[in-house]
Amino acid sequence: MYQIRLVDNAELYRKAQGDGGERGNSFLQSYEYGQLQKKLGHEPLYLILEKDGHHRALLFILFKARRGHYLFCPYGVVDEEIMESLVPFLKKLARENHVDFLRISPLLDDNQESKLLFRKYGFRDAPVHMMHPELLWLLSLDKDEKTLLKDMRKNTRYALKQAEKADIKLKEGSTEVLLKEFHEIHTETARRQKFIPYPYDYLKAQLDVFAPEDQIRIYVAEYEGKNIASAVMMYYGKESVYHHGASLSEYNKIPASYLIQW
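Residues numbered from 1 in each chain as written. Predicted model: local features only at pLDDT ≥ 70, side-chain atom pairs only at ≥ 80, totals over all residues. Heavy atoms only, no water.

J.: Please give an account of the sheet that holds strand E7 (residues 216-223) that cites residues and values.
T.: One open sheet accounts for four strands, arranged E6-E7-E8-E9; its pairing is antiparallel. At either end of the open sheet lies a strand with only one pairing partner, and these are strand E6 (169-173) and strand E9 (239-247). Across the sheet, the mean angle from the axis of one strand to that of its neighbour is 20°, orientation sign disregarded. Pairing of E6 with E7 involves five bridges; the strand directions are antiparallel. Following the sheet pairing, Leu170 is matched in E7 by Ala221. Where helix H7 (residues 176-193) meets the sheet, it contacts E6, E7, strand E8 (226-236) and E9, and its direction lies at approximately 65° from that of E9. Against the sheet, helix H8 (residues 200-210) contacts E7, E8 and E9, and its axis sits at roughly 125° relative to E7. (Pairing = 2+ DSSP bridges. Helix = DSSP H or I, 4+ residues; strand = E, 2+ residues; numbered from the N terminus. Axes fitted to C-alpha atoms, helices over the stretch in contact; angles between N-to-C directions. Contact = heavy atoms within 4.5 Å.)

Rendered as structure tokens:
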């Protein structure tokens, strides 16, 4: 069984987290993400799990919403051994904080074994998903560029060639100027695709928290003097994450978004 304790110390949490092993840790489990949620009015709870001198770390966020108070663990890496110790600890923590339910979005393969693990402890599928993808596409970057291109679809390779010929200028950095340029395109994308965009205050808070750690970068593609596509990338541990993306529909024949990701 793991011994579990709450901490509020960045150095202790990061040390316990390490690189998360082969799967790695999502930036949604970082100390900084907890601080982002704190700026937004939610309470981060940093857990350190210890067993036989080995440490693990998990971040939970305490949300107090109209539909109820709940503890949420975004993209935490869990397994049978962790769950055995974690669930009793969380039930006690939930009672102390008047929490109505627990929610975990595990960073696990979507298979029967993973589903049975959570059903064993009384979890069920959530009726709605959070603002994080339910499915992830992982690309290993341990290959050279020529091999990466070769493994792509023919259409993707063609789009990249067209983008390189189109005289697209890429701007990148972690400035508020670039964030405002992204947000303008993001708002238009949300209007076109009919989804609720992240508010600017959220994006600004994210930039403020992650930029000092060099964990966020904004890319803006400019074509003929106009910003036509943009993306916010997160860098954490061994991963780069395509977190937010946006583009203008009138320039959909200019494959700027392909170039940004490449």
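J.: Please set out the pattern of salt bridges residue by residue, giving values where relevant.
T.: Counted by the stated rule, this structure contains 13 salt bridges. The partner of Asp79 in a salt bridge is Arg56, with the nearest N and O atoms 4.0 Å apart. Here Asp79 is found in the loop between strand E4 (68-74) and helix H3 (80-96), whereas its partner Arg56 is found in strand E3 (residues 54-65), with 23 residues between them in sequence. For Asp79, a relative accessible area of 29% gives the class partly exposed. (Salt bridge = Lys/Arg side-chain N within 4 Å of Asp/Glu carboxyl O. Buried < 20%, exposed > 50% of the residue type's maximum accessible area, 1.4 Å probe, protein only.)

J.: Please set out the packing of helix H2 (residues 31-39) against H8 residue by residue, giving values where relevant.
T.: Orientation of H2 relative to H8, taken along the N-to-C sense of each, is 140°, at an axis distance of 9 Å. Between H2 and H8, the interaxial angle falls into the category oblique. The two elements H2 and H8 cross, and the hand of that crossing is right-handed. Contacts between H2 and H8 involve Glu32, Tyr33, Gln35, Leu36, Gln37 and Lys39 on the former and, on the latter, Tyr202, Ala205, Gln206, Val209 and Phe210. In the contact of H2 with H8, the residues fall into six nonpolar, three polar and two charged. (Parallel < 35°, antiparallel > 145°, perpendicular 65-115°, else oblique. Left-handed = near helix turned anticlockwise from the far one by under 90°. Nonpolar A, V, L, I, M, F, W, Y, C, P; charged D, E, K, R; others polar.)

J.: Give a detailed account of the packing of H7 against H8, specifying residues and quantitative values.
T.: Here H7 crosses H8 at 145°, and the two axes come no closer than 11 Å. The element H7 and its partner H8 pack so that their crossing is right-handed. The segment H7 lies against H8, with Glu176, Leu179, Lys180, Phe182 and His183 engaging Tyr200, Leu203, Lys204 and Leu207. Here the contact of H7 with H8 is built from residues that sort into five nonpolar, one polar and three charged.

J.: How would you sum up the sheet that holds strand E2 (residues 43-51)? Please name residues and give values.
T.: Paired through their backbone hydrogen bonds, the strands of a sheet run either parallel or antiparallel. One open sheet accounts for five strands, arranged E1-E2-E3-E4-E5; its pairing is mixed. For this open sheet the edge positions go to strand E1 (3-7) and strand E5 (101-105), each flanked by a neighbour on one side alone. Between one strand axis and the next, the sheet turns by 30° as a mean value, whatever way the strands run. Of the strand pairs in this sheet, E4 and E5 are connected by five bridges, and their pairing is parallel. Residue pairing across strands places Pro74 opposite Ser105, the latter belonging to E5. Lying over the sheet, H2 contacts E2, E3 and E4, oriented at roughly 155° with respect to E2.

J.: I'd love a proper account of the nonpolar core, names of residues and values included.
T.: Among the nonpolar cores identified, the biggest contains 39 residues, and Phe27, Tyr33, Leu36, Phe210 and Ile218 are the most heavily contacted of them. Among all residues touching Phe27, those that are not within four sequence positions of it are Tyr33, Gln206, Phe210, Met234, Tyr236, Val241 and His243. One finds Leu49, Leu86, Leu90 and Val99 within the second-largest nonpolar core, a separate group that totals 23 residues. (Core = buried A, V, L, I, M, F, W, Y, C linked by side-chain atoms within 4.5 Å.)

J.: Hey, could you go over H3 for me, with residue numbers and the actual values?
T.: Under the 1.5 Å per step criterion, the end-to-end length of H3 is 25 Å for 17 residues, consistent within 8% with the ideal 24 Å. The sharpest bend along H3 comes to roughly 30°, located at Leu86, with the proline Pro88 sitting one to four residues further on. Turning to H3, its buried residues number three or more, namely Ile82, Met83, Ser85, Leu86, Val87, Leu90, Leu93 and Ala94. Looking at the buried side of H3, the elements it contacts are E1, E2, E3, E4, E5 and helix H4 (112-120). Between the side-chain oxygen of the N-cap and the backbone nitrogen of Glu81 there are 3.2 Å, and the N-cap of H3 in question is Asp79. The first or second residue beyond H3 is His98, which carries a positive phi of 55°. (Expected span 1.5 Å × (residues − 1). Bend = angle between axes of the 7 residues up to and from the residue. Polar contact = N/O pair within 3.5 Å; in protein donor to acceptor, adjacent residues only side chain to side chain.)

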